[in-house]
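Here is how the chains run, residue by residue.
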Amino acid sequence: MQKIVLFAGVDPLSTGESNYAWHPLSVLTIGSVLEAHGFDVCIIDCQVDHDWRDRLAKHATEALFVGVTCMTGPSIGNVLAAIDIVRTAAPQVPIIWGGYHATLAWRAILRERLADVVVTGPGESAALGLAQRLAAGQRLSPETIGDLPNLAFLDGRTAIAASGAITPNTVKTTYAFVGDMNQLPPVNYGLIDPTRYYTSAMRDLSYITSYGCPYACAFCSEPTTSTRKWKPLAPQRIVAELRHLWDTYSPDQISLLDPNFSTNIHRVVEIVELLERDGVRIELRANMRTRDVVNLARFLDLERLHAVGFSAIFLGCESGSDRMLKVLRKGATVADTRAACQLLDRVGIVQLTSWIHDLPGETDDDSEQTCQLVTELAALRHNRQKHHFFMPFPSTELYETIYGKTLDDGRTQAEWATSDTYGGSALYAGSQDRRRCVLGRLAELKQRFPHALERTLPRP
């Protein structure tokens with residue numbers, strides 16, 4: 001069998017996003033597709049493979065291609081290091097960069113010559129097509145891969161720009177494609193041994209039931225990465241796979257990492273009914289929108305949601321100002337936030353609420369409204385909070401609003417690696433006075449409700 005090496009650069013432990021590691025579902029899903037078609041898949045994850053540099057150098061020499069992925073932020077540094085290792089150990093092996101950050105910043109990645117091909121959006125069909133053509137002895141060129149979906153690459157030819165300047169290596173992109181998840185094989189967790197990700201504090205297993213998000217939040221990468229398309233797994237398959245994972249790997253909880261698990265309320269109800277029918281309780285956490293929770297409560301007693309195992313719901317609340325929620329295009333209101341938290345708290349479900357401070361265009365009054373709301377919600381028994389300072393993501397609406405620049409604005413990947421939502425962004429200073437004020441208010445909140453704050457922000 002011919003080998004494909006997939007490198008996961010995402011490291012939530014180093015960025016404070018989690019107290020435990022995440023299973024690298026992006027490369028795991030792609031690896032499962034490649035393995036189902038006869039390829040030998042080697043997944044290297046810097047979260048758990050502490051010798052990842054040596055492993056990458058060794059396996060790259062045997063690979064048809066090396067695929068790398070990461071989120072926008074500090075984990076870019078891991079991918080840049082991985083690229084250097086591959087180019088030193090196996091300079092002839094193509095490098096494919098995919099995932100969230102690559103989908104947002106593909107122009108700059110190609111401009112910096114960091115990858116031979118960038119995958120923009122879902123990568124299962126693209127990765128399989130690339131592997132099959134390389135296995136057949138073809139070289140990667142516009143002629144051999146131009147019909148594959150979700151790819152960006154340099155065509156190697158000389159073109160004349162509108163200004164009259166000669167521009168070699170013009171960027172080419174192929175058509176966008178979001179496939180049916182139900183056509184993919186089951187994710188083969190055996191490719192990584194998920195128990196290696198367990199800690200003494202938490203045995204968490206990651207799982208995803210849908211791809212994409214139909215909403216247009218101005219700060220979020222999803223409108224670009226999934227083009228506001230949503231593709232779900234069937235409820236029957238979800239429940240069967242959850243039961244298999246629960247019985248096989250004995251986790252403490254399964255985290256449903258969909259961008260928005262509650263996009264279709266009736267699907268949530270069906271999943272609950274199927275779990276009830278089977279008489280099983282599986283500890284689950286999921287991401288939902290505040291307005292979706294309010295709507296779900298009209299169709300389903302949330303006691304039933306809790307009874308089948310939904311013990312924690314992540315809510316992207318962002319702001320306590322209705323004006324700012326409109327600017328952010330959240331499609332929800334402060335009343336939705338308050339109601340969702342109260343409804344969940346009443347039945348014993350933890351609300352993992354997330355807040356963004358120092359947003360572009362935010363006034364002192366907007367900031368004060370947020371501080372007042374988070375203090376109010378912290379009094380709820382099951383309310384937990386994570387607070388962030390705003391960080392712009394490339395190719396998002398707010399990024400373009402702030403900088404007024406095109407998608408290819410000259411920023412390097414090394415610059416993007418200096419930013420994170422806790423420590424702040426080297427690319428966006430924000431208001432230092434407002435940040436100091438927010439930190440003071442959060443310090444007061446921590447004293448009053450020590451259970452509520454899961455993460456404190458560093459001083460600017």
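For the structure itself, look to the data block above.
Everything quoted here is computed from the prediction, not taken from an experiment. (Residues numbered from 1 in each chain as written. Predicted model: local features only at pLDDT ≥ 70, side-chain atom pairs only at ≥ 80, totals over all residues. Heavy atoms only, no water.)

Undergrad: Which parts of the structure should I look at to understand the side chain of Asn 260?
TA: Here Asn 260 shows up in the loop between strand E13 (253-256) and helix H10 (265-278). For Asn 260, a relative accessible area of 1% gives the class buried. For Asn 260, the side chain forms a polar contact with the side chain of Asp 292, separated by 3.3 Å. Once residues within four sequence positions are removed from consideration, Asn 260 is found in contact with Ser 210, Cys 213, Tyr 215, Trp 230, Asn 287, Met 288, Arg 289 and Asp 292. (Helix = DSSP H or I, 4+ residues; strand = E, 2+ residues; numbered from the N terminus. Buried < 20%, exposed > 50% of the residue type's maximum accessible area, 1.4 Å probe, protein only. Polar contact = N/O pair within 3.5 Å; in protein donor to acceptor, adjacent residues only side chain to side chain. Contact = heavy atoms within 4.5 Å.)

Undergrad: Help me out: how do you make sense of the packing of aromatic side chains in this one?
TA: Geometrically, a pair of aromatic rings is defined through the distance of the ring centres and the angle of the planes. For the structure on display, the rule yields five aromatic pairs. On the basis of an interplanar angle of 40 degrees and a centroid distance of 5.0 Å, the ring pair of Phe 7 and Trp 52 is categorised as tilted. Note that Phe 7 is positioned in strand E1 (residues 3-8) and Trp 52 in helix H3 (residues 52-60), a separation of 45 residues in sequence. Residue classification places Phe 7 among the buried positions, given a relative accessible area of 0%. Judged by its relative accessible area of 5%, Trp 52 is buried. (Phe/Tyr/Trp six-rings, centres within 6.5 Å; stacked < 30°, edge-to-face > 60°.)

Undergrad: Explain the sheet that holds strand E2 (residues 40-45) to me, please; I cannot follow it from the model alone.
TA: Consider a sheet: its strands pair through backbone hydrogen bonds, and that pairing is either parallel or antiparallel. Strands sit in the order E2-E1-E3-E4-E5-E6-E9 across an open sheet of seven strands; the sheet is mixed. A strand with exactly one partner marks an edge of an open sheet, and here the two such strands are E2 and strand E9 (171-173). The sheet shows a mean angle of 20 degrees between the axes of neighbouring strands, direction not considered. Looking at chain direction, strand E6 (residues 151-154) and E9 are connected through three bridges and run antiparallel. (Pairing = 2+ DSSP bridges. Axes fitted to C-alpha atoms, helices over the stretch in contact; angles between N-to-C directions.)

Undergrad: I keep staring at the side chain of Ser 226 and nothing clicks. Help me out?
TA: By the secondary structure assignment, Ser 226 is in the loop between helix H8 (222-225) and strand E12 (231-232). Dropping the residues within four chain positions of it, Ser 226 is found in contact with Val 178, Tyr 211, Gly 212 and Cys 213.

Undergrad: Whenever I open this one, the layout of surface pockets confuses me. Can you help?
TA: A water-sized probe rolled over the atoms picks out the places where empty space is left. Taken as a whole, the second largest pocket holds about 470 Å³ of empty space. Forming the boundary of the second largest pocket are 24 residues, of which Pro 94, Asp 116, Val 117, Arg 139 and Leu 140 lie nearest the centre. Classifying every residue of the lining of the second largest pocket gives 16 nonpolar, four polar and four charged. (1 Å grid on protein atoms, 1.4 Å probe; cavity = no way out; pocket = protein on both sides within 12 Å on 5 of 7 lines; lining within 4 Å. Points joined across faces, edges and corners; volume = space filled by probe spheres on them. Nonpolar A, V, L, I, M, F, W, Y, C, P; charged D, E, K, R; others polar.)

Undergrad: I keep staring at the packing of H10 against helix H11 (residues 290-299) and nothing clicks. Help me out?
TA: For any two helices packed against each other, the geometry is given by the interaxial angle and the distance between the axes. Put simply, H10 and H11 touch, their axes get as near as 10 Å, and they point 55 degrees apart. Comparing the axis directions of H10 and H11 gives the class oblique. Like other packed secondary-structure pairs, H10 and H11 cross with a definite hand, here right-handed. Touching Ile 265, His 266, Val 268 and Val 269 of H10 are Asp 292, Asn 295, Leu 296 and Phe 299, all from H11. Across the contact of H10 with H11, the residue classes tally to five nonpolar, two polar and one charged. (Parallel < 35°, antiparallel > 145°, perpendicular 65-115°, else oblique. Left-handed = near helix turned anticlockwise from the far one by under 90°.)

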